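Close look at the chain arrangement
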Amino acid sequence: MTAAPPTADIHYRVQPLDVDAHLFSVELHIARPAAGQTLSLPVWIPGSYLVREFSKNLQGLAATQDGRPVALVQHSKNRWTADCAAGSPLVLSYQFCAYDSSVRAAWLDRRRGFFNGTSLCLRVHGQEDAPHSLQLQPTEATAGWQVATGLTAVDTDERGWGLYRADHYDELVDCPVEMGRLWRGDFVAAGVPHSFVVAGAAPSFDGARLIADARRICETVLAFWHGLGPQATPAPMQRYVFMLNVVDDGYGGLEHRNSTALICGRRDLPRLGERKPSDGYTTLLGLISHEYFHTWNVKRLRPAEFTRYDYEQENYTELLWFFEGFTSYYDDLLLRRAGLIDDAQYLKLVTRTINQVLQTPGRQLQSVAQASFDAWVKYYRQDENTPNQTVSYYTKGSLVALSLDLLLRREGRTTLDDVMRALWLRCEGGPLREADVLAVLQELGGRSFAAEIARWVHGTDDLPLAELLSAHGVQARAEPAQLAQRLGLRVQESHAITIKTVLRGSVAERAGFMAGDEWLAIERPGEGSELAPERWRVQRLDDLALYAGTAADILAWVARDRQLMALPLPWASIWVPQVVAAAGDKADNGDAKTASGASADMSAPSNLGLEISDAEAARRWLAGPEGSGEAATTP
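Residues numbered from 1 in each chain as written. Predicted model: local features only at pLDDT ≥ 70, side-chain atom pairs only at ≥ 80, totals over all residues. Heavy atoms only, no water.

Notes on the overall build of the protein
Our working definition: Every helix listed is a DSSP run of H or I at least four residues long, and every strand listed is a run of E at least two residues long, numbered separately from the N terminus. In this treatment the radius of gyration is a C-alpha quantity, and the globule benchmark scales as 2.2 Å times the residue count to the 0.38 power. Residue exposure (1.4 Å probe, protein chains only): buried if accessible area is under 20% of the type maximum, exposed if over 50%, otherwise partly exposed. Contact definition: two residues touch when any of their heavy atoms are within 4.5 Å. Working definition of accessibility: Shrake-Rupley area with a 1.4 Å probe, residue cover restricted to the visible protein chains. Positive charges come from Lys and Arg, negative ones from Asp and Glu, while His and the chain ends are left out of the count. Note on charges: their place is set at NZ of Lys, CZ of Arg, CG of Asp or CD of Glu.
Looking only at helices and strands, one finds 19 helices and 31 strands in the protein. The C-alpha radius of gyration computed for the protein amounts to 27 Å, which stays within 12% of the reference 26 Å derived for 635 residues, consistent with globular compactness. Expressed along its principal axes, the backbone C-alpha trace of the protein runs to roughly 95 × 65 × 50 Å. Considering the protein as a whole, with its 635 residues, one finds that 56% of them fall into the buried category. The long-range fraction of contacts in the protein, counting pairs at least 24 apart against all pairs at least 6 apart in sequence, stands at 70%. As displayed, the protein has an accessible area near 26500 Å², and 49% of this comes from carbon and sulfur atoms. Mean positive and mean negative side-chain charge positions of the protein (62 and 78 charges, respectively) differ by 1 Å.

See the structure below:
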């Protein structure tokens, strides 16, 4: 008889107990507990900056020592003390209700299971740095499932069930577990083994294409950080796992040290026999690139405030503009350098980001550093007023990276690529402060960039994008705003027009619209004073021009709390083609702020388009130092 593999002093046994009740069972064995051992469950998961209260789904918590029940005293929403003696093994048991299908918590049904350790694994206070082990045990209902995780396998069967090990609690909870009837593909990039598992794909799924494209992304990112050929430095991970959950409609991802959990819509996957990739597939490739880049930029090179996570409360930093924003800059740029998109596709993505920021009034009220700090209460708690009071550190942060890169390249001493690699070396792939960024910029750029960081990161001025793009062969041109932009509305269109957001200072705000209104109809004057007004039912914004015609003023009939209201709209000023300034005059809106910080005229927000005016200058930026990725290719 072979001896059972050793388990760590902190050992968890997790079993998908009841797939129809969505219940995982968990047993926690503590070999040497402290007297009055304290335990807690995290309230958030790193990478997703919101207190999520995972303990709300924990039930049936009980403890025993030497076969006898041990009393548990609850001190807060997520913390307990066991009335145990020191030294003798302590066993805790509980269940977790897994109803969250996102990448942030846990899910279990008849088709698949998934969990993050921050949801299921109680933290043993005082022993966080000790080795931890995890036993994954199937049931009759899940015996045919496969398991995928970034944890180190100790003793597992061919499907992945069995014993895993982590060096400490942080590693344990940073390795999510996917289980189910999974499609799997494997590849090697720069000597590192990678696995890609997919749950829920349609029969048309082209797995070979996904693997080929994922390999190109990984090779490009690895070369970015570690170089090519004999001079290449080792990657920080021994292996990497992509876990993709495919659903009817969804999108998102969460980074981990040697894996990532992803969600995409079924129609976004590549399809057999389809030569031209869809926009949805390009978006998925950007997500893969984004989360993989995080392996370096946030999981290792990370805010100094995140040197050690505090799992029981918010962890604040002003640096998400760097870690999320700069990653958002490189995710699509590295797709271009991998040859998965061409210059026109890349500039289309940049254009979309620029316009998202320019059409957000909150950018003139809150700096991107403040937005980083407020992520816990603003970005992750979005409502109808979010665009009016904050700016996304993803989108504006990516434009800060774009502006810095173009500025550094124009001055000719260095590039943002070099800055990122120098920061990796300076910080030894660990905690980073803004002072490190400034120091490396000055060292490589030959001057201080403190003024630019102050204006672009800690101020609310718009970025000089048109000027910087022009220096690299890309012309920014102003374009007429769409009808929703001229109105200052963000809407959902179905049987009626539902108002989701009213932008600050807009025509719609002055007319009295508010989020939640259902826009049912318009009323226009009759043709001639003797004719009664005409009322037309509307279901889409496009209907407005159809029925309002050349009327100077109309009434918008909306339902608010089931009461009908008529709101006056100056239609002539909305539908008449807007006169826009040349991009060089007003593209970055640097002078468009009023004293209060609101836009001078939100009825016509800036809208830009980009086109290449100097192909060689653009190529030096877009293709990278090796001139790679001449064009997107199709099989």
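There is more to say after this.
Comments concerning the packing of helix α9 (residues 395-411) against helix α10 (residues 416-426)
Helix-helix packing: each pair is described by the crossing angle between the helix axes and the interaxial distance. Quick note on the threshold: Every angle, taken between N-to-C directions, lies between 0 and 180 degrees, and every axis is a line fitted to C-alpha atoms, over only the stretch in contact when it is a helix. Angle categories: roughly parallel below 35 degrees, roughly antiparallel above 145, roughly perpendicular from 65 to 115, and oblique for all the rest. Each residue is assigned to one class: nonpolar for Ala, Val, Leu, Ile, Met, Phe, Trp, Tyr, Cys and Pro, charged for Asp, Glu, Lys and Arg, and polar for all the others, Gly among them.
Where α9 contacts α10, the two axes come as close as 8 Å, and the packing angle between them is 110°. By the angle between their directions, the pair α9 and α10 is classed as roughly perpendicular. Contacts between α9 and α10 involve Ala401, Asp405, Leu408 and Arg409 on the former and, on the latter, Leu416, Asp417 and Val419. Tallied by class, residues from the contact of α9 with α10 come to four nonpolar, no polar and three charged.

Some thoughts on the sheet that holds strand β18 (residues 192-199)
This is how the line gets drawn: The rule for pairing is simple: two strands pair if DSSP sees at least two bridges between them.
Spatially, β17-β18-β19-β21-β20 is the arrangement adopted by the five strands of the open sheet, whose pairing is mixed. On the outer flanks of this sheet lie β17 (183-189) and β20 (252-255), each paired with one strand and no other. Geometrically, the sheet is characterised by an average inter-axis angle of 15° between neighbouring strands, direction not taken into account. Across four bridges, the pairing between β20 and strand β21 (residues 259-265) is antiparallel. When the sheet's bridge partners are listed, Gly252 is paired in β21 with Ile263. Strands in contact with helix α4 (residues 279-293) are β18, β19 (240-247), β20 and β21; relative to β21, the strand with the most contacts, it is inclined by about 165°.

Things to note about the packing of helix α6 (residues 343-358) against α9
Just so we agree on the cut-off: Crossings are classed by handedness, with left-handed meaning an anticlockwise turn of the near helix from the far one by less than a right angle and right-handed meaning a clockwise turn.
Two numbers describe how α6 lies on α9: the axes approach to 9 Å, and their chain directions differ by 120°. On the basis of the axis angle, α6 is oblique to α9. The way α6 lies across α9 gives a crossing that is left-handed. Residue-level inspection shows Val350, Thr353, Ile354, Gln356 and Val357 of α6 in contact with α9, the latter providing Thr395, Lys396, Ser398, Leu399 and Leu402. Taken together, the residues of the contact of α6 with α9 sort by class into five nonpolar, four polar and one charged.

Remarks on the pattern of salt bridges
Rules: When a carboxyl oxygen of Asp or Glu lies within 4 Å of a side-chain nitrogen of Lys or Arg, that pair is called a salt bridge.
A full pass over the atoms with the stated rule returns 35 salt bridges. For Glu53, the salt bridge identified is with Lys77, shortest N-O distance 3.0 Å. One end of the pair, Glu53, is in the loop between β3 (38-40) and β4 (58-65); the other, Lys77, is in the loop between β6 (72-76) and β7 (79-82), and 24 residues separate them in sequence. The partly exposed category is assigned to Glu53, whose relative accessible area is 27%. Put simply, Arg447 and Glu411 hold a salt bridge, and the shortest N to O gap is 2.8 Å. Taken together, the residues span a long stretch of sequence, with Arg447 in the loop between α11 (434-445) and α12 (450-456) and Glu411 in helix α9 at a distance of 36 residues. Salt bridges here are not isolated pairs; linked through shared partners, they connect Arg79, Arg123, Glu128 and Glu312.

Examining α11
As a reminder of what qualifies: Expected helix span is computed as 1.5 Å times (number of residues minus one). The directions considered for the arc run from the helix axis to the C-beta atoms.
With twelve residues, α11 extends 16 Å between its outermost C-alpha atoms, agreeing within 8% with the 16 Å of an ideal straight helix rising 1.5 Å per residue. Looking only at α11, the buried set comprises Asp436, Val437, Val440, Leu441 and Gly445. The buried residues of α11 occupy an angular sector of 135° when the element is viewed end-on, so they sit on one face. Away from its buried face by more than 90 degrees, α11 exposes Ala435 and Glu443. Tucked inside the fold, the buried residues of α11 contact α5 (320-337), α9, α10, β23 (431-432) and α12. Just past α11, the residue Gly446 takes up positive phi, approximately 80°.

Some details on unusual backbone geometry
If you check the backbone angles, His22 has positive phi at about 60° while not being a glycine. With respect to the element layout, His22 can be found in the loop between β1 (10-18) and β2 (23-30). Even without being a glycine, Asp66 presents a positive backbone phi close to 55°. Position of Asp66 relative to the elements: it lies in the loop between β4 and β5 (68-70).

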